[in-house]
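# Inside the fold
Here's the letter readout for the chains.
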Amino acid sequence: MAILELKNIVKQFADYTAVNGVSLSIEQGEFFTLLGPSGCGKTTLLRMVAGFESPDSGQILLDGKDIKDLPPEQRPLHTVFQSYALFPHLTVRDNIAFPLKMAKWSKADIAERLKEQLSSVQLEQFAERYPHELSGGQRQRVAIARSLVDRPKLLLLDEPLSALDARLREHMHVELVRMQEQSGVTFVYVTHDQSEALALSSRIAVMNHGIVEQLGTPREIYSQPKTYYVADFIGKCNLLPAVVIESNPSSYKIKVAECIELVLPNEGIEVTLGQSGWFALRPEKIKAHWDPRHEDGVSCVKARVKGYYYYGDGTLYEFILPNGVVLQCMLSNNRPNQASFFQENDEVFISINPLAGNFLVK
Amino acid sequence: MTQSSSQKREKWVLALPPSIYLTCLFLIPTILMVFIAFRQPGDYGGVAPLVLHDATGKSSLNLTLDSFSYAFSNSFIWKLFLRSMMFSLITTFFCLIIGYPLALLIAKSKKKYRDLLLLLVIVPFWSNFLIRVYAWMMILGPSSALSKVVNQVLVLFGHQPVDLLFSSAAVIICLVYINLPFMILPLYANLEKHDPALIEACRDLGGTNSASFWQVTIPLSLPGILAGCGLVFIPCIGMFVVPELVGNNCSLMIGNLIKQQFLQNMNWPLGSVTSIVMTLAVLAISLLVGFFASRSGGLKYASK
């Protein structure tokens, strides 16, 4: 059952359209992520759900009820702000108790729930501290504990990890997923960090210029990008120019970078002869060898090593194809012998499996 | 080593002029005043000689606690003292309830208007203090439009007409007017720093608009409130020009008494005692305010 439904939301500011007709349906218990660069409308969308902005048109249904005209305090959902927005004049205990006090809970009920909530985020020994006496990660946990204390229907998180350093962020990924599973509350998470989105989410909506470019599980988003934008924004991706040179009912053939011919199964997308587009190919899905290999359906092409970057677990090679196009290729360093490491200007053979990439029409 | 010693010397050199200034014009006069408080008044102002020679040729120190006992037993001085406190409290209260919304409004207005609004708050400083009080004498005077309207309304409802000028009300109106910027400026400086996300967080967590004001804005602005109240209350106690110009006999303040003792009654020791009492009272209040500020406000802002 959908806990949150957005229907054709439009929001215009004086000089630009922040959200341009977004419709989404978010299921109960999901970890849903809105992913996009700054200015793509993801934060505006979140603020409209929270009640800090009102949409120009469209509906926001929470549990089937339109909450568009309710003030923020009457919406049964909470926000975790980018700056945490902990009340500096209140202790950890009073910060977490704040929503309960606002909802006029009895003292005994507040005390009981506080005890439970403090222990679930392991903050008991910090209960009497003030926010400025806590580390970044602790503040983050207080902010989330405060937002979950009265068991809201929905938790909105606005780039909550952006203020933390890389190591702590990775630690908080685990925490976030644990808290989400433990509470069972639906999370709507906003971030511009694609690796964070891939690691945390059950589903991702990739946004750009106020619209949703693609909606799907992290695996779908990463391995089957539907648009040039999504392929480019999520992870590293080779986007090679391609043209349709043959079209059959069940399959079609494209010519990639004027030198590689690939036959792809026709899965629902309409292609016409002569149509141009891109072939999106992840660097780790490419294989490279010293000598040509001939496998069924796999194309092999000669290339020259332009350069490489050693990353420890893998090496990122840059190959120049015969027509001058540069192809990035991530090869694992877990290979049998040093002889298989390529040097600059080496001539190698690259094999590309058409099923490893995606043809994106223009 | 040489670096640090030369830096030390620099600090001393920098601190020297203000130290000399404060020593000559504040510390020494204050100590002198304390001495004068224990002396006998001179016949024509000043103080009587310190050493007296009686007929037998014996000399004795001419020191006394008379001025203290007189001051503490004189109900008129106590009355003036309490009145000064009262007037200052009322002035501070009105400055706060007028200044707070104004400061909040300025702090929340768009950035491009903020400087202009702030400028308008301090524009009155451009004209002389006395001129501003004289302006109020015009506004409150018996032939002013305001006086006429007020009295017509009073008569309409069957009351006696009143004089607006030369009353306690006039003193408080002027005190509020003169001190208002000193309330607004520290409040603005505080309110402007508030993170708007805190108000949003309060609303988001179920707080109404009024809850966000009383639970978030007010407690966070406590340091500003204390600073503003201190800046208004303390100078207000010693004020003597305003009651003299727009007040009557029943609205004289402790400052008027001190001035009178020194300039008209020529009783320097009594004037000194009154000054000392006033200074100690102000000091006690400042310490109290400081104590509360460090307990409630200082902590809250440490996170910034």
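Criteria and thresholds
- Residues numbered from 1 in each chain as written.
- Chains lettered and ligands numbered in written order.
- Predicted model: local features only at pLDDT ≥ 70, side-chain atom pairs only at ≥ 80, totals over all residues.
- Helix = DSSP H or I, 4+ residues; strand = E, 2+ residues; numbered from the N terminus.
- Buried ≥ 20, exposed ≤ 12 C-beta atoms within 10 Å, placed from the backbone.
- Contact = placed C-beta atoms within 7 Å.
- Rg over C-alpha atoms; globule rule 2.2 N^0.38 Å.
- Domains from an automatic or database assignment.
- Axes fitted to C-alpha atoms, helices over the stretch in contact; angles between N-to-C directions.
- Parallel < 35°, antiparallel > 145°, perpendicular 65-115°, else oblique.
- Left-handed = near helix turned anticlockwise from the far one by under 90°.
- Nonpolar A, V, L, I, M, F, W, Y, C, P; charged D, E, K, R; others polar.
- Pairing = 2+ DSSP bridges.
- Core = buried A, V, L, I, M, F, W, Y, C linked by C-beta atoms within 7 Å.
- Expected span 1.5 Å × (residues − 1).
- Bend = angle between axes of the 7 residues up to and from the residue.
- pLDDT = per-residue confidence, 0-100.

Within chain A, the secondary structure is distributed over 8 helices and 20 strands. By its C-alpha atoms, chain A is 75 × 50 × 35 Å across when sized along the principal axes. For chain A, the residues scored as buried account for 39% of the 362 residues in total. Considering only contacts within chain A whose residues lie at least 6 apart along the sequence, 64% involve residues at least 24 apart.

The next thing to look at is the overall build of chain B. When helices and strands are counted, chain B shows 12 helices and 2 strands. Overall, chain B shows an N-to-C arrangement of helices and strands of α-β-β-α-α-α-α-α-α-α-α-α-α-α. Computed over the C-alpha atoms, the radius of gyration of chain B is 25 Å, more than 25% above the 19 Å expected from 2.2 N^0.38 for a compact globule of 304 residues. Each of the three principal axes of chain B carries a C-alpha extent, and together these read 90 × 80 × 35 Å. Counting only residues that meet the buried cut, chain B has 30% of its 304 residues in that class. Here the contacts in chain B between residues at least 6 apart in sequence split such that 71% fall between residues at least 24 apart.

Turning our attention to the domain arrangement of chain A. Residues and elements named next belong to chain A. When cut into domains, chain A gives domain 1 (2–232) and domain 2 (236–361). Domain 1 and domain 2 are separated by 39 Å when their C-alpha centres are compared. With 6 residues of domain 1 at the contact, the number on the domain 2 side is 6 residues.

With that out of the way, let us pick up the packing of helix 8 (residues 196–204) of chain B against helix 9 (residues 209–237) of chain B. Residues and elements named next belong to chain B. In the contact formed by helix 8 and helix 9, the axes pass within 9 Å of each other and the chain directions differ by 125 degrees. Relative to helix 9, the element helix 8 is oriented oblique. Handedness of the helix 8/helix 9 crossing: right-handed. Here Leu198, Ile199, Cys202 and Arg203 of helix 8 come into contact with helix 9, specifically with Ala211, Ser212, Gln215 and Val216. Looking at the contact of helix 8 with helix 9 residue by residue, the class counts come to 5 nonpolar, 2 polar and 1 charged.

To continue, consider the sheet that holds strand 14 (residues 276–281) of chain A. Residue and element names in this part refer to chain A. Read from one edge of the open sheet, 5 strands run 13-12-11-14-20, paired in antiparallel fashion. In this open sheet, the two strands that pair with only one neighbour each are strand 13 (260–265) and strand 20 (358–361). Neighbour-to-neighbour, the strand axes of this sheet turn through a mean angle of 40 degrees, independent of strand direction. Bridge analysis of strand 11 (residues 238–247) against strand 14 gives 6 bridges, and the strand direction is antiparallel. Across the sheet, residue Pro241 finds its bridge partner in strand 14, namely Trp278.

Contacts between the two partners involve 19 residues from chain B, matched on the other side by 20 residues from chain A. Elements with a contribution of two residues or more to the side of chain B that touches chain A: helix 8, helix 9 and helix 12 (268–301) of chain B. Taken together, the residues of the side of chain B that touches chain A break down into 10 nonpolar, 4 polar and 5 charged.

So, about unusual backbone geometry. Residues and elements named next belong to chain A. Phi is positive for Asn8, which is not a glycine, with a value near 50 degrees. With respect to the element layout, Asn8 can be found in strand 1 (residues 2–12). Notably, Ala85 is not glycine yet its phi reads approximately 50 degrees, a positive angle. Within the secondary structure, Ala85 is located in the loop between strand 6 (77–80) and helix 2 (92–102). Here Ala85 falls in the buried class, since 25 other C-beta atoms lie within 10 Å of it.

What follows concerns the nonpolar core. If you look at the biggest cluster of nonpolar residues, it comprises 97 residues, and the most contacted ones within it are A:Val49, A:Leu154, A:Leu155, A:Leu156, A:Val188, A:Val206 and A:Phe279. Excluding residues that lie within four positions of it along the chain, A:Val188 makes contacts with A:Leu4, A:Ile26, A:Phe32, A:Leu34, A:Leu46, A:Val49, A:Leu154 and A:Leu156. In this structure, B:Ala103, B:Cys229, B:Ile237 and B:Met239 belong to the second largest nonpolar core, which totals 43 residues.

Okay, the sheet that holds strand 4 (residues 57–62) of chain A next. Residues and elements named next belong to chain A. Spatial ordering of the open sheet is given by 2-1-4-5, a layout of 4 strands whose pairing is antiparallel. The sheet terminates laterally at strand 2 (17–27) and strand 5 (65–66), the two strands that pair on one side only. By the bridge criterion, 2 bridges tie strand 4 to strand 5 in an arrangement that is antiparallel. Among the inter-strand pairings, Leu61 is bridged to a residue of strand 5, identified as Asp66. Taken strand by strand, helix 1 (residues 42–50) contacts strand 1, strand 2 and strand 4, and its axis lies near 120 degrees from that of strand 1.

As a further point, take the environment of B:Leu80. All names here are of chain B. Within the secondary structure, Leu80 sits in helix 3 (residues 75–108). Between the alpha carbons of Leu80 and Leu283 there is a distance of 18 Å; along the sequence they are 203 residues apart. In this view, Leu80 contacts Leu252, Met253, Ile254 and Leu257; residues no more than four positions away in its chain are not counted.

Residues and elements named next belong to chain B. The terminal C-alpha atoms of helix 3 lie 49 Å apart, and with 34 residues this matches the ideal 50 Å at 1.5 Å per residue to within 8%. At Gly99, helix 3 shows its strongest bend, of approximately 30 degrees, with the proline Pro101 following within four residues. Within the span of helix 3, buried status applies to Leu80, Ser84, Phe87, Ser88, Thr91, Thr92, Cys95, Gly99, Tyr100, Ala103, Ile106 and Ala107. Looking at the buried positions of helix 3, the neighbouring elements they touch are helix 4 (111–122), helix 7 (168–191), helix 9 and helix 11 (254–263).

This part covers the packing of helix 3 of chain B against helix 9 of chain B. Residue and element names in this part refer to chain B. Closest axis-to-axis distance for the helix 3/helix 9 pair is 9 Å, and the angle between their directions is 145 degrees. By crossing handedness, the relation of helix 3 to helix 9 is classed as right-handed. Contact with helix 3, carried on its side by Ser84, Met85, Phe87, Ser88, Thr91, Thr92, Cys95, Leu96 and Gly99, involves Ile225, Gly228, Cys229, Val232, Phe233, Cys236 and Ile237 of helix 9 and no other residues of that element. Of the residues belonging to the contact of helix 3 with helix 9, the class tally is 10 nonpolar, 6 polar and no charged.

For the rest of this paragraph, the subject is the pairing of strand 3 (residues 31–35) of chain A. Residues and elements named next belong to chain A. Along strand 3, 5 of the 5 residues are buried, which leaves the element largely enclosed by surrounding structure. Alternating positions in strand 3 separate into two faces, Phe31, Thr33 and Leu35 on one and Phe32 and Leu34 on the other, with burial throughout. As paired elements, strand 3 and strand 8 (residues 186–191) share 5 bridges and run parallel to each other. Bridge assignment links Thr33 to a residue of strand 8, and that residue is Tyr189. Note that strand 3 and strand 9 (residues 203–208) share 4 bridges and pair parallel. Across the sheet, the residue bridging to Phe32 is Arg203, located in strand 9.

The next point concerns the confidence of the model for chain B. Detailed reading of the predicted coordinates is not advisable wherever pLDDT is low. Averaged over all residues, the pLDDT of chain B equals 88, while 96% of them reach at least 70. With a pTM of 0.81, the predicted complex shows an ipTM of 0.84.

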